Amino acid sequence: MLERLLLDVDREVGRILDAALDGRELTIPEAARLLVADGADLLALVRAADVARVADVGDDVSFVVNRNINFTNICYVGCSFCGFSRHSDDADAYDRSLEEILDKVRDAVARGATEVCIQGGIHPQKDHTHYRDILVAIKRRFPAIHIHAYSPEEIDFGHRKSGMKLGDYLLWLRDHGLDTIPGTAAEILDDSIRQIVSPRKLGRERWVEIVSAAHRVGIRSSSTVMYGHIEKPEHLAEHFGLLRDIQKRTGGFTEFVPLGFIHEKNSLYAHMGARGGSSMAEDLRVLAVARLFLRPWITNVQVSWVKMGPKLATLGLLAGANDFGGTLMEESISRESGAGFGENLAPETIRALIRGAGRVPVERSTTYAILRRFDDPALDPPSLEPDAAQTLAGPGRMRAGAKLTRLERPSSAASA
Ligand code: SF4
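These numbers were taken from a predicted model, which means no experiment stands behind them.

*Asks:* Go over the environment of Phe142 with me, naming the residues and quoting the values.
*Replies:* Checked against the element boundaries, Phe142 lands in the loop between α6 (128-141) and β4 (146-149). Considered as a pair, Phe142 and Val109 are 33 residues apart in the sequence and their alpha carbons are 8.3 Å apart. Excluding residues within four positions of it along the chain, Phe142 makes contact with Val105 and Val109.

*Asks:* So, the pairing of strand β9 (residues 360-364): which residues are in play, and what are the values?
*Replies:* Successive residues of a regular strand alternate their side chains across the two faces of the sheet. Of the pairings in the sheet, the one linking strand β1 (residues 60-64) to β9 comprises four bridges and is parallel in character. Note that in β9 the partner of Val61 across the bridge is Pro361. Bridge analysis of β9 against strand β10 (residues 370-373) gives three bridges, and the strand direction is antiparallel. Pairing of Val362 across the sheet is with Arg373, part of β10. In this antiparallel pair of consecutive strands, β9 and β10, the connection spans five residues, and Tyr368 shows a positive phi of 70 degrees.

*Asks:* An account of helix α13 (residues 280-294) is requested, with residue identities and associated values reported.
*Replies:* With 15 residues, α13 extends 21 Å from end C-alpha to end C-alpha; this agrees with the ideal 21 Å at 1.5 Å per step. Counted residue by residue, α13 has 13 buried out of 15 residues, so it is predominantly covered.

*Asks:* Report on the pairing of β1, specifying residues and quantitative values.
*Replies:* Summarising burial for β1: four of the five residues are buried, a large majority. Relative to strand β8 (residues 323-326), β1 runs parallel, the two being bridged by two bridges. Bridging across to β8, Ser62 finds its partner in Asp323.

*Asks:* Residue-level account of the sheet that holds β1, with values.
*Replies:* Across the sheet, four strands lie side by side as β8-β1-β9-β10; this open sheet has mixed pairing. Strand pairing shows two members of the sheet lacking a second neighbour, β8 and β10, which therefore form its edges. Strand-to-strand twist in this sheet, taken as the mean axis angle between neighbours without regard to direction, amounts to 25 degrees. Its contacts with the sheet put helix α16 (residues 347-356) on β1, β8 and β9, and the angle it makes with β9 is roughly 140 degrees.

*Asks:* Quick one: what's the story with the site of the ligand, residue by residue and with numbers?
*Replies:* Taken together, Cys75, Val77, Gly78, Cys79, Cys82, Phe84, Ser85, Gly121, Ile122, Glu153, Ser198 and Lys201 make up the full set of residues adjacent to the ligand. In terms of residue class, the shell around the ligand is made up of six nonpolar, four polar and two charged.

*Asks:* Give a description of the packing of helix α5 (residues 98-110) against α6 that names residues and reports values.
*Replies:* At a closest axis distance of 10 Å, the pairing of α5 and α6 adopts a crossing angle of 45 degrees. Between α5 and α6, the angle is such that the two are oblique. Here the hand of the crossing between α5 and α6 comes out right-handed. Of α6, the residues touching α5 (which contributes Leu98, Ile101, Leu102 and Val105) are Asp133, Ile134, Ala137, Ile138 and Arg141. Grouping the constituent residues of the contact of α5 with α6 by class yields seven nonpolar, no polar and two charged.

How each quantity is defined
- Residues numbered from 1 in each chain as written.
- Predicted model: local features only at pLDDT ≥ 70, side-chain atom pairs only at ≥ 80, totals over all residues.
- Helix = DSSP H or I, 4+ residues; strand = E, 2+ residues; numbered from the N terminus.
- Contact = placed C-beta atoms within 7 Å.
- Pairing = 2+ DSSP bridges.
- Expected span 1.5 Å × (residues − 1).
- Buried ≥ 20, exposed ≤ 12 C-beta atoms within 10 Å, placed from the backbone.
- Axes fitted to C-alpha atoms, helices over the stretch in contact; angles between N-to-C directions.
- Near = placed C-beta within 6 Å.
- Nonpolar A, V, L, I, M, F, W, Y, C, P; charged D, E, K, R; others polar.
- Parallel < 35°, antiparallel > 145°, perpendicular 65-115°, else oblique.
- Left-handed = near helix turned anticlockwise from the far one by under 90°.

Below, the structure written as structure tokens:
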């Protein structure tokens, strides 16, 4: 039965998957074709991505012990997908003091965090000195903590207020404690889409300019995409192509993180005709295409448990992903848009979920240095979810692909 299913894989999809496993860079139209794979094609895609993942990064699944800190939710940019932002006179608007921020960092450090991820709304009364003051206050008290902070939108805002050249402004932030930046505010890097979902946010070229400049001065970043709203597969494929081009030039991306649109509490879905977020198949498809398209340039592909939920995120580890993201400890951006998967996953829980997918948990730094391996399952609690991920894990359990010989041989996949 399974063999019959595999023979049903579309000839073109089989050819593209073979090319990817042979180490040839996929084209943007090929990525767009894979982004509509379903049925047997989707199974083949997922299996091929898993084979590529083994060749690229092995069986380790990394995670980082970190804490999100959103220092203000006051923002006037007005992105249509955002359920987080508030106007300053809203009852639940907040603007955290430096002491409040430090309390959160102190708590994070006490809980073993190696990173704080700091982002906020674009508060019209603030300027670049506020961003600096947060960095200085944290590094003065907690010099060892890694500060992963300020999206390109925040960098754009602070830079325009500063009057400095962009490179100088980034160096100034770095010298005051900025270590890396999140590659958020990317959404879809296509201005026709951005004009609809976030018309007052920075455009594609400015996003590229900021991220490239950051990489040039030694500030690395993640890379992201938001999908499941009004974009088409072609937009996603172009977005992948742009990220790959940047990475070829700068080598500054640490990972790629696909972020499914959370639709429950925002106008993009309620009033503007967006899809109601991504389907499970779409989540797996995007992870798998990311693995195959971005290799060998970006080899860390992260699942977002906040967007997908821990169970589906675990399944994503079988679709090309090799990183489980962070503990977060606190998360309000997705929650306030309607995500219901909580704000914190303890390191033990993440390890158990990874173990449940048949993989080896590894604690990492923000820039993917291995801090601690958990080779011995006896050190972990038993898997919390002996679910579908467990069932699908393991060599030979799930074969897929038009060219079985190629897809069955992990060692034949490209190592470039
Ligand atoms: S996504 Fe960011 S910039 Fe846009 S409205 Fe929300 S907080 Fe403001």
